[in-house]
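Coordinate inspection notes
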Amino acid sequence: MAHINTHYNKLAAGYLFPEIARRTNRFLEKNPGVKVKKLGIGNTTEPLTPTVIKGLKAGVDKLASPETYTGYGDEQGNKLLREKLSAYYSLRGVDLSPDEFFISDGAKSDSGNIQSIFSSDSVVAFQDPAYPVYVDSNVIAGRSSGFNPDKGEYNNFVYMPCREENNFVPEVPAEKVDLVYLCSPNNPTGAVATRDQLKSFVDYARKNKAVIIYDAAYAEYISDPALPKTIFEIEGAKECAIEINSLSKFAGFTGVRMGWSIVPHDLIAEGTEPGEIKNLWYRRQCTFFNGASNIVQEGGLAVFSDEGLAESRSLVNYYMENAGIIREGLSSIGLKTFGGTNAPYIWLKTPSGMSSWDFFDKLLSETGVIGTPGSGFGPAGEGYFRLSAFGHREDIKDAVESIKANLIL
Ligand SMILES: *Cc1c(COP(=O)(O)O)cnc(C)c1O
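Predicted model, so just to flag it, every value in this text is computed and none were measured.

This paragraph deals with the sheet that holds strand β10 (residues 259-262). What the seven strands build is an open sheet, ordered β2-β10-β9-β8-β7-β3-β6; its pairing is mixed. Of all the strands in the sheet, just β2 (101-104) and β6 (158-161) have a single pairing partner and so form its edges. Taken pair by pair, the neighbouring strands of this sheet meet at an average axis angle of 20 degrees, ignoring direction. Inspection of the sheet shows strand β8 (residues 211-215) paired to strand β9 (residues 241-246) by four bridges, in the parallel sense. Looking across to β9, one finds that aspartate 215 is bridged to isoleucine 244. Contacts between helix α3 (residues 79-90) and the sheet are confined to β2, β9 and β10, with β2 contributing the most and set at about 120 degrees to the helix.

With that out of the way, let us pick up helix α1 (residues 16-30). For α1, spanning 15 residues, the distance from its first C-alpha to its last is 22 Å, which sits close to the expected 21 Å at 1.5 Å a residue. All of the buried residues along α1 are Leu16, Glu19, Ile20, Arg23, Thr24 and Phe27. Along the long axis of α1, the arc covered by the buried residues comes to 135 degrees, so they all point the same way. Buried positions along α1 lie against α11 (356-367), β13 (369-370) and β14 (372-373).

Quick look at helix α12 (residues 393-406) now. Between its first and last C-alpha atoms α12 spans 20 Å; for 14 residues at 1.5 Å apiece the expected length is 20 Å, and the two agree. Of the surrounding secondary structure, the elements contacted by the buried residues of α12 are β1 (37-38), α10 (306-332), α11, β13 and β15 (384-388).

Below, the discussion takes up the nonpolar core. Grouped together as the largest cluster of nonpolar side chains are 90 residues, with contacts concentrated most on Val180, Ile212, Ile231, Leu247, Trp260, Phe304 and Ile326. Counting contributing residues, this core receives three or more from each of domain 1 (6-47 + 309-406) and domain 2 (52-307). Leaving out residues up to four positions away in the same chain, phenylalanine 304 has contacts with Leu81, Lys84, Leu85, Tyr88, Leu247, Trp260 and Leu309. Membership of the second largest hydrophobic core comes to 27 residues, among which are Val133, Phe157, Leu179 and Leu267.

Definitions and cut-offs
- Residues numbered from 1 in each chain as written.
- Predicted model: local features only at pLDDT ≥ 70, side-chain atom pairs only at ≥ 80, totals over all residues.
- Heavy atoms only, no water.
- Pairing = 2+ DSSP bridges.
- Helix = DSSP H or I, 4+ residues; strand = E, 2+ residues; numbered from the N terminus.
- Axes fitted to C-alpha atoms, helices over the stretch in contact; angles between N-to-C directions.
- Contact = heavy atoms within 4.5 Å.
- Expected span 1.5 Å × (residues − 1).
- Buried < 20%, exposed > 50% of the residue type's maximum accessible area, 1.4 Å probe, protein only.
- Arc of directions from axis to C-beta.
- Core = buried A, V, L, I, M, F, W, Y, C linked by side-chain atoms within 4.5 Å.
- Domains from an automatic or database assignment.

See below:
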């Protein structure tokens, strides 16, 4: 008799985006003809750059003749691309060998899969609020006994609240944990961990033999040179951290699909030798994954050319100008905002202590703008609201003008 993996039944989620869609549809039924303005989605909108298009086309052309055709590639990823990545990190003063890189189809898969190489009884800590895949993948793996609706938290998990008092970057857990997920620049809060804050996590992890899983998908959105773009800028991080990154938000690869994880040779856990965890991830990927698309990896190579980097950075600038327009517009009417300076998300404190969902309804009904309720990312997100800087400039301006003209405060 087949049984399903009943850990799936414990998932409280699947709620946030369907609920947004439900409320939006209800609004549209009552207000036919009104065009809603979406500032809710973490999805890129601007086309791939010319250099990347050229790279992708070259990847297609290679498949057209027997001399250059390739089938399955190295599971770990195109060697040339891993060398480019290694060179890209060395520009940040970080020395990583190409064989510490694992090319993937994106950071979401890696963020979800990485937990599978650690013991199923690991105690796991998460930022609260957080990008949902970290928590959900650990629920599915059976590390929680279930969701506690009164607390809005899963049992057995350690929540690290990100609040205004700590600039939305948490302190290290008070207790001993085994795995710690960190995302910086952060989705949803837009906060970026400083060097000292990251160092406190690295020190904590080394002391407790914990492993940090560091999602750096928005690293290229950091403009402040004092802020670390990779956790490996912190001394000792190679012993205790895995970094996950992606071209989705940097180069517009959300639909193209390419990411990478760095599992350093020096990384250790209780009872392992250096190299063992790296080999474990290699084993995992060889078993479950046949490598990222060769066409896509040609596009990835193009991103890391001089022109590709410059063009991708101008794409980032475009979104960050959007972020500036949103931030300034909201501030001008007295709303309190965070983030949006080194990350494409603006984290807004709801006015007069409204709940995140009440503010969602208010914003939609008064201005036609759709955002994302902070409480959907974890209990500490209650009373906050996320606006995304991904969008065409005109749409962003329309949304901000509508908020300025119509939101009743
Ligand atoms: C968008 C995003 C990613 C990127 O995921 P991909 O699978 O590479 O598209 C990763 N982490 C966070 C926090 C994100 O917001």
